[in-house]
Amino acid sequence: CRINVGGGVWRIRWHPTVEGRMLVGAMHGGCRIVALDGLAGRTAAAESDGALEARIESEFTKHESMAYGADWLVGKVGDGDDDCNGNGGGS
């Protein structure tokens, strides 16, 4: 599967506790949280079946430079620590 994140991918970090969720540092494209639907329980043999779908769940593009790095800060559910723009969800 493919998804356009708006820039060259410099860093990818899988979420430490949520399967199928990654944080992407995409240089001029900012940072994106990408959800890979259909990843749970998937095997290498099933890679070509086309069932995997990628979607942008959240983004941060308010920087005035390039985003080279990204990492997760995981806190309590609903405290906003696990969102790329720090507001608990959305774009």
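Anyway, here's the lowdown on the structure attached to this text. (Residues numbered from 1 in each chain as written. Predicted model: local features only at pLDDT ≥ 70, side-chain atom pairs only at ≥ 80, totals over all residues. Heavy atoms only, no water.)

Observations regarding the overall build of the protein
Now for step 1: Broken down by element type, the protein carries zero helices and four strands.
Now for step 2: Listing every helix and strand of the protein by position from the N terminus yields β-β-β-β.
Now for step 3: Here the protein, with 91 residues, has 29% of them falling under the buried criterion.
Now for step 4: Partitioning the contacts of the protein with sequence separation of at least 6, the portion at a separation of at least 24 is 49%.
Now for step 5: Within the structure as shown, the protein displays about 5900 Å² of accessible surface, and the carbon and sulfur contribution to it stands at 50%. (Helix = DSSP H or I, 4+ residues; strand = E, 2+ residues; numbered from the N terminus. Buried < 20%, exposed > 50% of the residue type's maximum accessible area, 1.4 Å probe, protein only. Contact = heavy atoms within 4.5 Å. Areas by Shrake-Rupley, 256 points an atom, 1.4 Å probe, with all protein chains shown as cover.)

Observations regarding the nonpolar core
Now for step 1: Counting eight residues, the largest nonpolar core is built from V5, M22, V24, A26, V34, L36, L52 and A54.
Now for step 2: Secondary-structure elements contributing two or more residues to this core are β2 (21–25) and β3 (31–37).
Now for step 3: Beyond its immediate sequence surroundings of up to four residues, V34 is in contact with I3, V5, G20, R21, M22, V24, A54 and R55. (Core = buried A, V, L, I, M, F, W, Y, C linked by side-chain atoms within 4.5 Å.)

What about a nonpolar patch on the surface?
Now for step 1: Residues V9, I12 and W14 make up a contiguous nonpolar surface patch of about 300 Å² in total accessible area.
Now for step 2: With respect to the helices and strands, I12 occurs in strand β1 (residues 11–14).
Now for step 3: We classify I12 as partly exposed; its relative accessible area is 42%. (Patch = residues over 30% accessible without salt bridge, like charges linked within 9 Å, V, L, I, M, F, W, Y side chains within 5 Å. Salt bridge = Lys/Arg side-chain N within 4 Å of Asp/Glu carboxyl O.)

Section: the pattern of salt bridges
Now for step 1: Taken as a whole and assessed by the stated rule, the structure comprises four salt bridges.
Now for step 2: A salt bridge links E57 to R21, with the shortest nitrogen-to-oxygen separation between them at 2.5 Å. Residue E57 is located in strand β4 (residues 53–60), and its partner R21 is located in strand β2; the two are separated by 36 residues in the primary sequence.
Now for step 3: Residue class for E57 comes out partly exposed when judged on its relative accessible area of 30%.
Now for step 4: The shortest N-O distance in the salt bridge between E57 and R55 comes to 3.6 Å.
Now for step 5: With relative accessibility at 37%, the residue R55 sits in the partly exposed group.

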